[in-house]
2 protein chains.
Amino acid sequence: MNDRTAASQAERKRGEGAKFVYDILRDDIIDLVLPPGSPIDEVQLAERLSMSRTPIREALVRLAGEGLVTTLPNRSTVVSNIDFLNLHTFFDALTLMYRVTTRLAAEFRSDEDLEIIRARQAAFSRAVEAHDALAMIATNRDFHAAIAEAGRNPYYTGLFCRLLDEGRRILRIYYSSFGDHLPRRYVEEHEDMIAAIEARDVAGADRLARAHADQIVRQIQDMIARDRRQPIAL
Amino acid sequence: MNDRTAASQAERKRGEGAKFVYDILRDDIIDLVLPPGSPIDEVQLAERLSMSRTPIREALVRLAGEGLVTTLPNRSTVVSNIDFLNLHTFFDALTLMYRVTTRLAAEFRSDEDLEIIRARQAAFSRAVEAHDALAMIATNRDFHAAIAEAGRNPYYTGLFCRLLDEGRRILRIYYSSFGDHLPRRYVEEHEDMIAAIEARDVAGADRLARAHADQIVRQIQDMIARDRRQPIAL
DNA sequence: GTTGAATTTCTTGTCGACAAATAAAATACA
DNA sequence: TGTATTTTATTTGTCGACAAGAAATTCAAC
């Protein structure tokens, strides 16, 4: 799978076995190392990570709770499909969470929050400069997650992070079609959002977040319309 | 605990052991049969339900994923506290979900959805007539959950149901202070919402949902202000 | 009587094994 | 040759047991 598997040989503390395999599976699912539909074999995973099936099952239960894997009763558990037929519900929720979290960030952010957000934006900017599409997707997610954290509403951050992760999966499918000019626009939009959050301009933050969300949704829809590899589902 | 425990003697099908104990624990937590802070002993539960610890642990992992229980590493797992200090984040998210789901229901509802919603409203009305506060709380939750289902956005319904369940816990703490006149107002508000959903009046549904949410939030806040038993936390 | 260390107890996290349920393969039959 | 049925095989769900960690208790020293 990946090189982190080597770390499994190192002795792990008691109690973090499940978290260990959870993190590995989660990252691999979001990065599409495990594409939708991939079966997950408990026994195979167990011997690869040199641990019992018990912590692996616990990780799978948690992943199922977040909707990242689907458990067929008495049969295999597979990586959840991306529901292309109902993407509009995803876009709708994503847009709303963009707006709400950015609004709240403008209202409740502390100076430390602002620092973290700026650091995340710097990482995103570097990824854009380097034309590294994969890093762009990841750092963009971290940027907005930091804004959500500044809003200090765990209900929103929870749903938003789930949506952002799902968005990473979708974007990763089409990452080859990323151009060079559009992302730079995102950098500028991010800067505007930071300015609004710093100025505690709630209305402005909402307007920018909405525009930003529309922008991203439109780009994903364009990519899907342009790329007709799997028109129905994966 | 309750009489459902007796059903544990009946033979269960393979694979639904975890769901069985999950449902029991979930209901008991939401109904405050297990109040916040209650420790959950795996071994005790295992022998009471006459099953192994494995399915019980799976249920606990799922409950932890939904935030209903908190697992202290290497120590006991307890029923999660109600965070009275940050109730405003709960009210904020609840209000937003009320609005969004009702809007979407007005937009996408089918005739079958409307039937289900009406049935739930009838149950709520009966509970109000019977002055059964506990049934009121439960049927009110089901009514709004049905509206959310009609909106057909699983991201919203997921968060909303979590919020409604948490609201049930909060309301149940103060259910003794329920009067007789206020709930009747809720019945009428529900009827108005149904009418707006039937007429596909999105703007009206939004307005009614917002007013309804404000109403409920205000009542809970009044109850908390009036009842000073546990001013800080439970 | 109080404080601190050692011991015991109790609960959890992990393991290996077994049995049920399903999928796959092999066989029988038309 | 194609289809139905039995057999095999694989994978999951469950179990009992054991060991690591933390809390509670005991014991000792001052």
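Participant: Quick question: what am I supposed to make of the nonpolar core here?
Facilitator: Among soluble globular proteins, nonpolar side chains are generally buried collectively. Among the nonpolar cores identified, the biggest contains 77 residues, and A:Met97 and B:Met97 are the most heavily contacted of them. With residues near it in sequence (within four places) discarded, B:Met97 still touches A:Leu96, A:Met97, B:Tyr156, B:Leu159, B:Phe160 and B:Leu163.

Participant: For this particular structure, what's the right way to read the protein's contact with DNA strand D?
Facilitator: Near DNA strand D you find 20 residues, and of these A:Arg53, A:Arg57, B:Arg14, B:Ser52 and B:Thr54 are the closest. The protein-proximal atoms of DNA strand D, defined as those within 4 Å of the protein, are 63% sugar or phosphate. Within the backbone of B:Gly17, one N or O atom sits 3.1 Å away from a phosphate oxygen of DNA strand D. In the model, a phosphate oxygen of DNA strand D is placed 2.5 Å from a nitrogen or oxygen of the B:Ser52 main chain. Among the elements of the structure, helix 2 (42–48) and helix 3 (53–65) of chain A together with helix 3 (53–65) of chain B are those that each provide at least two residues to the surface near DNA strand D. Looking at the surface near DNA strand D, the element that brings in the most residues is helix 3 of chain B, giving three residues. A breakdown of the residues in the surface near DNA strand D according to their chemical character gives four nonpolar, six polar and 10 charged.

Participant: Is there a simple way to think about the packing of helix 1 (residues 17–30) of chain B against helix 3 of chain B in this case?
Facilitator: Two quantities define a packed helix pair, namely the angle between the axes and the distance from one axis to the other. Residues and elements named next belong to chain B. For the pair helix 1 and helix 3, interaxial distance at closest approach is 8 Å and the crossing angle is 50 degrees. The pairing of helix 1 with helix 3 is recorded here as oblique in orientation. Crossing angle aside, the handedness with which helix 1 passes helix 3 is right-handed. Residue-level contacts link Gly17, Ala18, Lys19, Val21, Tyr22, Leu25, Arg26 and Ile29 of helix 1 to Pro55, Ile56, Glu58, Ala59, Leu60, Arg62 and Leu63 of helix 3. Looking at the contact of helix 1 with helix 3 residue by residue, the classes come out as 10 nonpolar, one polar and four charged.

Participant: What is the right way to read the relation of the copies chain B and chain A from this model?
Facilitator: Expressed as a screw transformation, the operator carrying chain B onto chain A has a rotation angle of 180 degrees and an axial translation of 0.0 Å, and the superposed copies differ by an RMSD of 0.0 Å. The operation mapping one copy onto its partner corresponds to a two-fold rotation axis.

Participant: Would you take a moment to explain the environment of B:Glu189 for this structure?
Facilitator: All names here are of chain B. In this fold, Glu189 is placed in helix 8 (residues 181–198). Separated by 19 residues in the primary sequence, Glu189 and Leu208 place their C-alpha atoms 7.4 Å from one another. Setting aside residues no more than four positions away along its own chain, Glu189 makes contact with His212 and Gln215.

Participant: Would you explain the sheet that holds strand 2 (residues 69–71) of chain A in this entry?
Facilitator: Within a beta sheet, neighbouring strands are joined by backbone hydrogen bonds and run either parallel or antiparallel to one another. Residue and element names in this part refer to chain A. As summarised here, the arrangement of the three strands in space is 1-3-2, forming an open sheet in which the pairing is antiparallel. At either margin of the open sheet sits one strand with a lone partner, and together these are strand 1 (39–40) and strand 2. Sheet analysis places strand 2 next to strand 3 (residues 77–79), joined by three bridges and oriented antiparallel. Its bridge partner lying in strand 3, Thr70 is registered against Val78. Running at roughly 110 degrees to strand 2, helix 3 makes contact with strand 1, strand 2 and strand 3 of the sheet.

Participant: Is there a simple way to explain the interface of chain B and chain A in this structure?
Facilitator: Interfaces are frequently sized by the accessible area removed from exposure as the parts join. Each side of the interface is counted separately: chain B has 22 residues, and chain A has 22 residues. Summing both partners gives a buried area of about 1,900 Å² for chain B against chain A, and 61% of it is carried by carbon and sulfur. Counting the contacts that link chain B with chain A gives two salt bridges. Linking A:Glu58 and B:Arg57 is a salt bridge whose minimum nitrogen-to-oxygen distance equals 3.9 Å. Counting the contacts that link chain B with chain A gives eight residue pairs in polar contact (both at pLDDT 80 or more). Every element with two or more residues in the side of chain B that touches chain A is listed here: helix 3, helix 4 (87–108) and helix 7 (154–173) of chain B. Counting residues per element, the side of chain B that touches chain A draws most heavily on helix 4 of chain B, which supplies eight residues.

Participant: How do you make sense of the protein's contact with DNA strand C when you look at a structure like this?
Facilitator: Near DNA strand C lie 20 residues; those nearest to it are A:Arg14, A:Ser52, A:Arg75, B:Arg53 and B:Arg57. Backbone atoms, meaning sugar and phosphate, form 62% of the atoms of DNA strand C found within 4 Å of the protein. A:Gly15 is positioned such that a nitrogen or oxygen atom in its backbone is 3.2 Å from a sugar or linking oxygen of DNA strand C. Here a phosphate oxygen of DNA strand C sits 3.5 Å away from a polar atom, N or O, in the main chain of B:Asn74. Of all the secondary structure elements, the ones that give two or more residues to the surface near DNA strand C are helix 3 of chain A together with helix 2 (42–48) and helix 3 of chain B. Take the surface near DNA strand C: its biggest share by element is three residues, from helix 3 of chain A. Across the surface near DNA strand C, the residue classes tally to four nonpolar, six polar and 10 charged.

Participant: Quick question: what am I supposed to make of the packing of helix 7 (residues 154–173) of chain A against helix 4 of chain B here?
Facilitator: Across the interface, helix 7 of chain A lies against helix 4 of chain B with an axial gap of 8 Å and an inter-helix angle of 55 degrees. As summarised for this structure, helix 7 of chain A and helix 4 of chain B are arranged oblique, according to the angle between their axes. On helix 4 of chain B, the residues that touch A:Pro154, A:Tyr155 and A:Tyr156 of helix 7 of chain A are B:Thr89, B:Phe90, B:Asp92, B:Ala93 and B:Leu96. Looking at the contact of helix 7 of chain A with helix 4 of chain B, its residues break down into six nonpolar, one polar and one charged.

Participant: Mind showing me how you'd approach helix 4 of chain B here?
Facilitator: Along an α-helix, residues three or four apart share an orientation, since each turn contains 3.6 residues. The first and last C-alpha atoms of helix 4 of chain B sit 31 Å apart over 22 residues, in line with the 32 Å expected at 1.5 Å per residue. Counting buried residues along helix 4 of chain B, 16 of its 22 residues qualify, which places the element largely inside the surrounding structure.

Participant: I keep staring at the packing of aromatic side chains and nothing clicks. Help me out?
Facilitator: A ring pair, where both rings are aromatic, is described by two values, the distance of the centres and the angle of the planes. Across all of its chains, the model carries six aromatic pairs over all chains by this definition. Taken together, a centroid distance of 5.4 Å and an interplanar angle of 75 degrees make the contact between A:Tyr98 and A:Phe160 edge-to-face. Pair noted here: A:Tyr98 is in helix 4 (residues 87–108) and A:Phe160 is in helix 7, with a separation of 62 residues, a long-range link. In this pair, the class of A:Tyr98 matches that of A:Phe160, namely buried. Among the aromatic residues, those joined into a ring-pair cluster are A:Phe90, A:Phe91 and B:Tyr155. In this arrangement the basic side chain of A:Arg62 is found over the ring face of A:Tyr22, its NZ or CZ atom lying 4.2 Å from the centre.

So, how was this worked out
Residues numbered from 1 in each chain as written. Chains lettered and ligands numbered in written order. Predicted model: local features only at pLDDT ≥ 70, side-chain atom pairs only at ≥ 80, totals over all residues. Heavy atoms only, no water. Core = buried A, V, L, I, M, F, W, Y, C linked by side-chain atoms within 4.5 Å. Buried < 20%, exposed > 50% of the residue type's maximum accessible area, 1.4 Å probe, protein only. Contact = heavy atoms within 4.5 Å. Near = heavy atom within 4 Å. Polar contact = N/O pair within 3.5 Å; in protein donor to acceptor, adjacent residues only side chain to side chain. Helix = DSSP H or I, 4+ residues; strand = E, 2+ residues; numbered from the N terminus. Nonpolar A, V, L, I, M, F, W, Y, C, P; charged D, E, K, R; others polar. Axes fitted to C-alpha atoms, helices over the stretch in contact; angles between N-to-C directions. Parallel < 35°, antiparallel > 145°, perpendicular 65-115°, else oblique. Left-handed = near helix turned anticlockwise from the far one by under 90°. Least-squares fit on C-alpha atoms with pLDDT ≥ 70 in both. Pairing = 2+ DSSP bridges. Buried area = accessible area lost by both parts, 1.4 Å probe. Salt bridge = Lys/Arg side-chain N within 4 Å of Asp/Glu carboxyl O. Expected span 1.5 Å × (residues − 1). Phe/Tyr/Trp six-rings, centres within 6.5 Å; stacked < 30°, edge-to-face > 60°. Lys NZ or Arg CZ within 6 Å of the ring centre and 35° of its normal.

Purely geometric numbers; function is a separate question.
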